[in-house]
Number of protein chains: 2
Amino acid sequence: MPQKLADRAATLAPLLSQGWSDVEGRDAIGKTFRFADFNSAFGWMTQIAMIAEKMDHHPEWANVYNRIEVTLTTHDAGGVTALDVTLATEMDRLAP
Amino acid sequence: MPQKLADRAATLAPLLSQGWSDVEGRDAIGKTFRFADFNSAFGWMTQIAMIAEKMDHHPEWANVYNRIEVTLTTHDAGGVTALDVTLATEMDRLAP
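So, here's what we can say about the structure. Residue numbers run consecutively from 1 along every chain, following the written order of its sequence. As they are written, the chains are lettered A onward and the ligands numbered 1 onward, keeping that order. In view of the model being predicted, local features appear only for residues whose pLDDT reaches at least 70, and side-chain atom pairs are presented and counted only at 80 or more, with totals across whole chains, interfaces and linings using the full set of residues. The side-chain numbers reported here are obtained from all heavy atoms of the structure, hydrogens and water having been left aside.

1. Quick notes on the overall build of chain A
Part 1 of the argument: When you go through chain A residue by residue, the secondary structure sums to 3 helices and 4 strands.
Part 2 of the argument: With respect to the principal axes defined by its C-alpha atoms, chain A has extents near 40 × 25 × 25 Å.
Part 3 of the argument: In this description, contact between two residues means that some pair of their heavy atoms is separated by no more than 4.5 Å. Sequence separation of at least 24 residues holds for 63% of the intrachain contacts in chain A that already meet a minimum separation of 6.
Part 4 of the argument: Accessible surface, chain A: about 4900 Å² in total, of which carbon and sulfur atoms supply 51%.
Part 5 of the argument: A residue counts as positive if it is Lys or Arg and as negative if it is Asp or Glu; His and the chain ends are not included. By convention, charge coordinates are those of NZ in Lys, CZ in Arg, CG in Asp, or CD in Glu. Looking at chain A, you have 8 positive and 13 negative side-chain charges, and the mean spots of the two groups are 4 Å apart. Comment: elements are numbered from the N terminus, with helices defined as DSSP H or I runs of at least four residues and strands as E runs of at least two. Each accessible area is a Shrake-Rupley result for a 1.4 Å probe, and residues are judged covered by the shown protein chains and nothing else.

Below, the structure written as structure tokens:
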């Protein structure tokens, strides 16, 4: 069972400096990704979907054309865990 | 340029009987699709993404695990057009 981050502030600092932010009213982090067009946006979603499925840890995400709003949290743990940090880091790595 | 539906009620009636509904406060239609799991949900999204790209008409959609909330409207027309009816029909056709 995943556990909430022991040292949340220090662990999340690198992500918060890369455009991630705390989600209002929830123990979750979020970021809006922008791409050149729908093809690029959905291509990235597909890359992330395969990583998420392999991790068995899935994002909440919404897409409108070239924009994707992501929310990450671990439902089983009731907050942000190392799984979210890993997925967020992969999202940043694969974004243009 | 796409035009808003001339006979909105009659044209949308078949979709409204299939779980589509008017979106509050917008000239748009929406539906929530549920799948067995993330793999099935994202597989369907990928099928629809390719159809949408070919049509050059894209949905607003949000995914959480096995659930996908879709909103369809045509921004250029400021409301629901035949493009949305076509895309909604394809979504229903490809859903399990």
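2. Some remarks on the environment of Met1 of chain B
All names here are of chain B.
Part 1 of the argument: Considering the arrangement of structural elements, one finds Met1 in the segment before α1 (8-16).
Part 2 of the argument: We classify Met1 as exposed; its relative accessible area is 75%.
Part 3 of the argument: Put simply, Met1 and Thr46 are 45 residues apart on the chain and 26 Å apart in space, counted from C-alpha to C-alpha. Think of it in three bands: residues with accessible area under 20% of the maximum for their type are buried, residues over 50% are exposed, and the middle band is partly exposed, with areas taken using a 1.4 Å probe on protein chains only.

3. Some details on the pairing of strand β2 (residues 29-34) of chain B
Residues and elements named next belong to chain B.
Part 1 of the argument: Strand pairing requires that DSSP identify at least two bridges connecting the strands. For strand β1 (residues 21-22) and β2, the ladder comprises 2 bridges, and the chain directions are antiparallel. When the bridges of β2 are listed, Asp22 appears paired with Ile29.
Part 2 of the argument: Adjacent in sequence and paired antiparallel, β1 and β2 are bridged by 6 residues, among which Gly25 carries a positive phi angle near 75 degrees.
Part 3 of the argument: Summarising the sheet, β2 and strand β4 (residues 67-72) pair through 6 bridges and their orientation is antiparallel. Paired with Arg34 across the two strands is Arg67, which belongs to β4.

4. Digging into the relation of the copies chain A and chain B
A rotation about some axis, followed by a shift along it, carries one copy of the chain onto the other.
Part 1 of the argument: A least-squares superposition brings the copies together, and it is based on the C-alpha atoms of residues with pLDDT no lower than 70 in both. Between the two copies, chain A and chain B, the superposition gives an RMSD of 0.0 Å; the rotation angle is 180 degrees and the shift along the axis is 0.0 Å. The superposition of one copy onto the other is thereby described by a two-fold rotation axis. No C-alpha of chain A approaches the rotation axis more nearly than that of Ala62 of chain A, which lies at 1.9 Å.
Part 2 of the argument: Both copies share a contact surface, since 100% of the interface residues of chain A are interface residues in chain B too.

5. Quick word on the environment of Tyr65 of chain A
Part 1 of the argument: Note on placement: Tyr65 of chain A falls in the loop between β3 (60-64) and β4 (67-72).
Part 2 of the argument: Along the chain, Tyr65 of chain A and Gly79 of chain A lie 14 residues apart, while their C-alpha atoms are 29 Å from each other.
Part 3 of the argument: Filtering out sequence-adjacent residues up to four positions away, Tyr65 of chain A remains in contact with Asp37, Phe38 and Ala41 of chain A together with His58 of chain B.

6. A word on the packing of aromatic side chains
All names here are of chain B.
Part 1 of the argument: Here a Phe, Tyr or Trp ring, Trp counted by its six-membered ring, pairs with any other such ring whose centre lies within 6.5 Å, and the pair is stacked when the planes are under 30 degrees apart, edge-to-face when over 60, and tilted otherwise. Evaluated as defined, the whole model comprises 13 aromatic pairs over all chains.
Part 2 of the argument: For the pair Phe35 and Trp44, a centre-to-centre distance of 5.3 Å together with 45 degrees between the ring planes defines the contact as tilted. For the pair Phe35 and Trp44, a shared accessibility class is recorded, and that class is buried.

7. A word on the environment of Leu12 of chain B
Residue and element names in this part refer to chain B.
Part 1 of the argument: Positionally, Leu12 belongs in helix α1.
Part 2 of the argument: Expressed as a C-alpha distance, the spacing of Leu12 and Trp61, which sit 49 residues apart in the sequence, is 20 Å.
Part 3 of the argument: Apart from residues lying up to four places away in sequence, Leu12 is in contact with Leu5, Ile29, Val80 and Val85.

Keep in mind these values describe shape, not function.
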